[in-house]
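Report on the structure
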Amino acid sequence: MTGVTLSRWTLAYFAVALAALLAAEGLMSAGYGYPQTSISAPATLVLVHLVVLGWLSLLLCGALFQFVPVLVAKPLYSMLLSLPALGFLLLGIIALLSGFLHLSGVFEANLPFFPLASGLLVIGFGLVLWDLGLTLWNARPLTLPARFIVVGLCGLTATVGFGVMFALVLGGVIGGPVSMRLLADELPLHIVAGLGGWLTLSAMGVSYRLLAMFMLAPEQERTSSRGAFLLGASALGVIILGGGAAIALNYDSKSILLLGTVLGLAAVALYMYDIVHLYRARKRRVIELNSIMAMAAMASLVLAAVLIAILLAMGQLAHHASAVVFLVAFGWLSGLGLAMLYKIVPFLTWLECYGPILGKEATPRVQDLVEERHARKWFMFYFLGVWGAVAALLVDATAVFRIAAALMLVATAGIIIQLVRARRLDDVPISARFPTGSYRPRLFMTSIRPD
Ligand code: HEM
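First, a word on what this report is: a plain description of the structure on this page. It should be emphasised that the depicted structure is a prediction, and the values quoted were computed from it without experimental measurement.

Here's the deal with the overall build of the protein
The helix and strand tally for the protein stands at 13 helices and zero strands. Along the protein, helices (α) and strands (β) appear in the sequence α-α-α-α-α-α-α-α-α-α-α-α-α when read from the amino end. For 451 residues, the compact-globule estimate of 2.2 N^0.38 gives 22 Å, and the protein sits close to it at 22 Å. With respect to the three principal axes, the spread of C-alpha positions in the protein is 70 × 50 × 45 Å. The proportion of buried residues among the 451 residues of the protein is 53%. The long-range fraction of contacts in the protein, counting pairs at least 24 apart against all pairs at least 6 apart in sequence, stands at 80%. Accessible area for the protein stands at about 19000 Å²; split by element, carbon and sulfur atoms hold 70% of it. A gap of 7 Å separates the mean positions of the 28 positive and 19 negative side-chain charges of the protein.

Listed below in structure tokens is the structure:
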């Protein structure tokens, strides 16, 4: 991947995202939001959106600005849009959380938080969609991982669409009993479009390419991968379009949601089949920590799929939806995100620092930028915390949930310290750290220099 342009603000996206994750874990361990309060309480809405927008969406946007050009082997449409997009998204998230806090009576200020949040988030995500969308459009015909991203971006559009509608109802801009009914009925569509469409399908697309690249596995377009794509895209289409139409026409949307869920589970099964193949076909014999931890994230996805199937069969899915959502958000998406960051941050740092002198001077290897012995325990604590929290949610053990969340908080802080060390090249012996012509990286920003 040498010769690839580095995305200037990707690390700033990662930094803000990690700060949001720490804040969310801190709040959960302090007993803020669900399960201490009800699932629909404003405090829970604050927590949920701190995680899904502040952490996961910013992480994914940052990663896509760097990796969509790699997936399509074409430069980003515009290098100028990622910073304003970050600014609008950040302000939009703050406005949305302020709106929820205002609902919970934390403060009095009577500002139009929800309309403001809607406008800022539409502009922020609009810039992301414009930049990535045109990059993908200019690179047609698309490879399979890139097609996953296209469907993921459609999921983002739907999520923001529903979210804005909800926000305008809560802000009193849209009113009446019909909008209240739509709000209740369409909430599952908003959640599926966000967690399943935007976050999961995009993560699948990026992981096909990145895992193959990091494990030196052959990148083939297999029938099963095409199947996973078609099933995943159909699941999203059935739930959003079919479910949306059923709700609008006042039909019962349950059977449509069930069909979409079955299609989604089949997509996960084929994706896992591919990932197992990728691990088996890898040329890198010794598996690095990031790939081992990606396996723990994939195991969480499988666990979530099995849990959904069991709870569905028992008619208990609605009752335990919080445990499933938690497992998807923290085990699968956040777990994969942290595991990938543990490779992406050293990799980008290595490219930035040593790229211009490769072949001219002796340089450290990418893996020399990290000390896996130190990071391993933090990742183990992280996944133990997540799985403990899911078990606690399933049996309604609130105190145990808070202890597990505290474990996740400590573990995340430990992982972040390792990422900062990689960025600062702290684990590279001082004598080898800066060969002549190499570059001292800055913490939150990648410098773009002519090679
Ligand atoms: C990845 C993106 C997103 C995901 C996964 C997501 C997920 C969720 C979830 C799980 C809930 C229900 C929470 C609960 O009942 O405690 C919810 C509700 C809500 N979301 Fe989002 N969300 C996303 C993006 C957005 C955006 C961009 C907006 C605003 C522009 C938004 C606005 C809302 C509002 C206003 C509600 C409350 C609806 C109600 O009162 O029932 N969401 N979202």
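Here's the deal with the packing of helix 6 (residues 177-215) against helix 10 (residues 321-354)
Taken N-terminus to C-terminus, the directions of helix 6 and helix 10 make an angle of 35°; their axes are 11 Å apart at the nearest point. The hand of the helix 6/helix 10 crossing is left-handed. On the side of helix 6, the interface is formed by Leu195, Leu199, Thr200, Ala203, Met204, Ser207, Leu210, Leu211, Met213 and Phe214, while helix 10 contributes Val325, Val328, Trp332, Leu333, Leu336, Met340, Lys343, Ile344 and Phe347. Taken together, the residues of the contact of helix 6 with helix 10 sort by class into 16 nonpolar, two polar and one charged.

What to know about the coordination of the iron atom of the ligand
Tetrahedral coordination by four donors puts the ideal angle at the metal at 109.5 degrees, and octahedral coordination by six puts it at 90 or 180 degrees. Within the first shell, the iron atom of the ligand binds the protein through His49 (NE2) and His190 (NE2), at distances of 2.0 to 2.1 Å. Take His190: its relative accessible area is 13%, and that puts it in the buried class.

A closer look at the packing of aromatic side chains
A complete count under the given rule lists 16 aromatic pairs for this structure. Arranged with centres 5.6 Å apart and planes meeting at 75°, the rings of Phe107 and Phe113 form a pair that is edge-to-face. Taken together through their ring pairs, the aromatic side chains of Phe148, Tyr208, Phe229, Tyr271 and Trp332 make up a single cluster. Its end group placed over the ring of Trp137, Arg140 keeps NZ or CZ at 3.7 Å from the ring centre. Stacked on the ring of Phe229, the Lys or Arg Arg147 has its end atom at 5.8 Å from the ring centre.

Structural notes on the site of the ligand
Residues in contact with the ligand amount to 25 residues; listed here are only the nearest, Ile39, Leu45, His49, Thr159 and His190. A distance of 2.7 Å separates a nitrogen atom of the ligand from a polar side-chain atom of His49. Here His190 contributes a side-chain N or O atom positioned 2.7 Å from a nitrogen atom of the ligand. Residue assignment for the shell around the ligand shows that the elements contributing at least two residues are helix 2 (42-72), helix 3 (82-103), helix 5 (144-170) and helix 6. With eight residues, the top contributor of residues to the shell around the ligand is helix 6. Residues that form the shell around the ligand fall into these classes: 18 nonpolar, seven polar and no charged.

Thoughts on the environment of Met380
Topologically, Met380 is positioned in helix 11 (residues 372-394). According to the relative accessible area criterion, Met380 is partly exposed, its value standing at 47%. Remark: the alpha-carbon pair of Met380 and Ala411, spanning 31 residues in sequence, is separated by 8.1 Å.

Notes on the pattern of salt bridges
In total, this model carries 12 salt bridges according to the counting rule given. Glu352 is paired through a salt bridge with Arg423; the nearest N and O atoms lie 2.8 Å apart. On the criterion of sequence distance, the pair formed by Glu352 in helix 10 and Arg423 in helix 12 (residues 398-423) is long-range, its members being 71 residues apart. With respect to burial, Glu352 and Arg423 carry one shared label: buried. Here Arg376 ties to Glu372 by a salt bridge, and the two come within 3.7 Å at their closest N and O atoms. Taken together, the positions of Arg376 and Glu372, both in helix 11 and four residues apart, correspond to about one turn of that helix. Within the structure, one salt-bridge network assembled from shared partners comprises Arg147, Glu221 and Arg226.

Focus: helix 5
Counted at 1.5 Å a residue, the expected span for helix 5 with its 27 residues is 39 Å, and the 39 Å between its end C-alpha atoms agrees. Burial analysis of helix 5 places 19 of its 27 residues in the buried class, which makes it a mostly covered element. Phi for Gly172, located one or two positions after helix 5, is positive at around 80°.

Here's the deal with a nonpolar patch on the surface
Taken together, Leu303, Phe381, Leu384, Trp387 and Leu407 make up a surface patch of nonpolar side chains, about 430 Å² in accessible area. No other element matches helix 11, which puts three residues into the nonpolar patch. Tracing the sequence through the fold places Leu384 in helix 11. Judged by relative accessible area, Leu384 falls into the exposed class, the value being 51%.

About the criteria used
- Residues numbered from 1 in each chain as written.
- Predicted model: local features only at pLDDT ≥ 70, side-chain atom pairs only at ≥ 80, totals over all residues.
- Heavy atoms only, no water.
- Helix = DSSP H or I, 4+ residues; strand = E, 2+ residues; numbered from the N terminus.
- Rg over C-alpha atoms; globule rule 2.2 N^0.38 Å.
- Buried < 20%, exposed > 50% of the residue type's maximum accessible area, 1.4 Å probe, protein only.
- Contact = heavy atoms within 4.5 Å.
- Areas by Shrake-Rupley, 256 points an atom, 1.4 Å probe, with all protein chains shown as cover.
- Lys, Arg positive; Asp, Glu negative; His and termini not counted.
- Charge placed at Lys NZ, Arg CZ, Asp CG, Glu CD.
- Axes fitted to C-alpha atoms, helices over the stretch in contact; angles between N-to-C directions.
- Left-handed = near helix turned anticlockwise from the far one by under 90°.
- Nonpolar A, V, L, I, M, F, W, Y, C, P; charged D, E, K, R; others polar.
- Donors = N, O, S within 2.8 Å, 3.2 Å for Na, K, Ca; no water.
- Phe/Tyr/Trp six-rings, centres within 6.5 Å; stacked < 30°, edge-to-face > 60°.
- Lys NZ or Arg CZ within 6 Å of the ring centre and 35° of its normal.
- Near = heavy atom within 4 Å.
- Polar contact = N/O pair within 3.5 Å; in protein donor to acceptor, adjacent residues only side chain to side chain.
- Salt bridge = Lys/Arg side-chain N within 4 Å of Asp/Glu carboxyl O.
- Expected span 1.5 Å × (residues − 1).
- Patch = residues over 30% accessible without salt bridge, like charges linked within 9 Å, V, L, I, M, F, W, Y side chains within 5 Å.

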